[in-house]
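Understanding the architecture of this molecule
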Amino acid sequence: MKYRKLGRTGFEVSDIAHGLWGVSGWTGSDDAESLEAMQSAIGLGCNFFDTAWAYGDGKSDGLLGDILARNKSKRLYCASKIPPKNGRWPALPKYKYRDVFPAEHVFEYARLIREKLRVESIDLLQFHVWDDSWTTESEFHETVEKLKSDGLIRFFGLSLNRWQPDNGIVAIRTGLVDAVQVIYNIFDQSPEDNLFPVCKELNIGVIARVPLDEGSLGGKMTLETKFPSGDWRARYFGPKNLPETIARVKAVKKMVPAGMTLLEMALRFILSNPVVSTTIVGMRKPGHVRENIATSDAGALDSNLLQALKKHRWDRKPEPWAD
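Our subject in this report is the structure included herewith. Every value quoted in this text rests on a predicted model; they were computed, and no experiment measured them.

1. A short note on the overall build of the protein chain
- A count of helices and strands for the protein chain gives 13 helices and 10 strands.
- Its C-alpha atoms give the protein chain principal-axis dimensions of roughly 55 × 45 × 40 Å.
- Relative to its 323 residues, the protein chain shows a buried fraction of 59%.
- A separation threshold of at least 6 residues defines the contact pool for the protein chain, and within that pool the share at least 24 residues apart is 77%.
- When the accessible surface of the protein chain is totalled, it reaches about 13,300 Å², and 50% of it is carbon and sulfur.
- Of the charged side chains in the protein chain, 44 are positive and 41 negative; the average position of the first set lies 3 Å away from that of the second.

See below:
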């Protein structure tokens, strides 16, 4: 396992990290198996875990708390997210900051998350949605400063809206934001345009999420793939998205070098960018853990392959089915 600095936090985090949405928000998850996968990841050098209160109303925070309690001798880093009070994803300019992240709401959930994690101070606490129109709100500034001064959190971050990587740059420049979480993968390359240069300039940690495009870049999905109605992926990979996604995945598969899998190529594409601090991968089974973590030691892709993959950039606009 290789490690990188999470920006100015100074945390040395594994470049393959564990994303916990799937352990509580997707069908087919099993708590015992999820805990086994998390423990296996730690054994292989993973030390960064990303969760959110919205993942099962605190369930994934609680599972992570169990793992932290079992591994007190190890320095594991945990990041979580506060849900928007209005329950709306993504954030929109028409929403008022006071209706989404009022101070009392933020502090209530910061304490709830801290209790679930069983820690004195949360390593990285993020707002689960964001709109840059809120940046000038004095309550935003006061809340973040108080979270830190009260010791509830060590560092603060933003989880940026899907397919809106620039919608957070203004907030980053306030100095309040220590890390950002953004969708970045073979298809979603737009963070390279404006966001990554600012993060490099200001030494902001970058957490790349959705590295496999919610699973499509794992290479196993087909036009016949169906998810249970209660599973978020049933909406995301509906009739408006699934056909084009499968067509694009087929094209990318042709780029996979001999001896490499599509999944490996997809993860190594992300790790080839030095601005990325870590990428969070959903790993619910020990077998997935071993396969994903092995890509860390494999390192960056060949420069010619990287350039060829640039042509598979897919610029998308927010859609109701992708919220």
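2. Remarks on the packing of aromatic side chains
- Inspection of the entire model under this criterion finds 25 aromatic pairs.
- Aromatic side chains Trp53 and Tyr109 sit 5.6 Å apart centroid to centroid with 80° between the ring planes, which places their arrangement in the edge-to-face category. Taken together, the residues Trp53 in the loop between strand S4 (48-50) and helix H3 (59-70) and Tyr109 in helix H5 (residues 103-117) connect sequence positions 56 residues apart.
- Overall, Trp53 belongs to the buried group, its relative accessible area being 11%.
- Looking at Tyr109, the relative accessible area reads 18%, which means it is buried.
- Ring geometry for Phe127 versus Phe140: centroids 6.3 Å apart, planes at 50°, classification tilted. Linking Phe127 in strand S6 (residues 122-127) with Phe140 in helix H6 (residues 138-149), this pair joins segments that are 13 residues apart in sequence. Just as Phe127 is buried, Phe140 falls in that class too.

So, how was this worked out
Residues numbered from 1 in each chain as written. Predicted model: local features only at pLDDT ≥ 70, side-chain atom pairs only at ≥ 80, totals over all residues. Heavy atoms only, no water. Helix = DSSP H or I, 4+ residues; strand = E, 2+ residues; numbered from the N terminus. Buried < 20%, exposed > 50% of the residue type's maximum accessible area, 1.4 Å probe, protein only. Contact = heavy atoms within 4.5 Å. Areas by Shrake-Rupley, 256 points an atom, 1.4 Å probe, with all protein chains shown as cover. Lys, Arg positive; Asp, Glu negative; His and termini not counted. Charge placed at Lys NZ, Arg CZ, Asp CG, Glu CD. Phe/Tyr/Trp six-rings, centres within 6.5 Å; stacked < 30°, edge-to-face > 60°.

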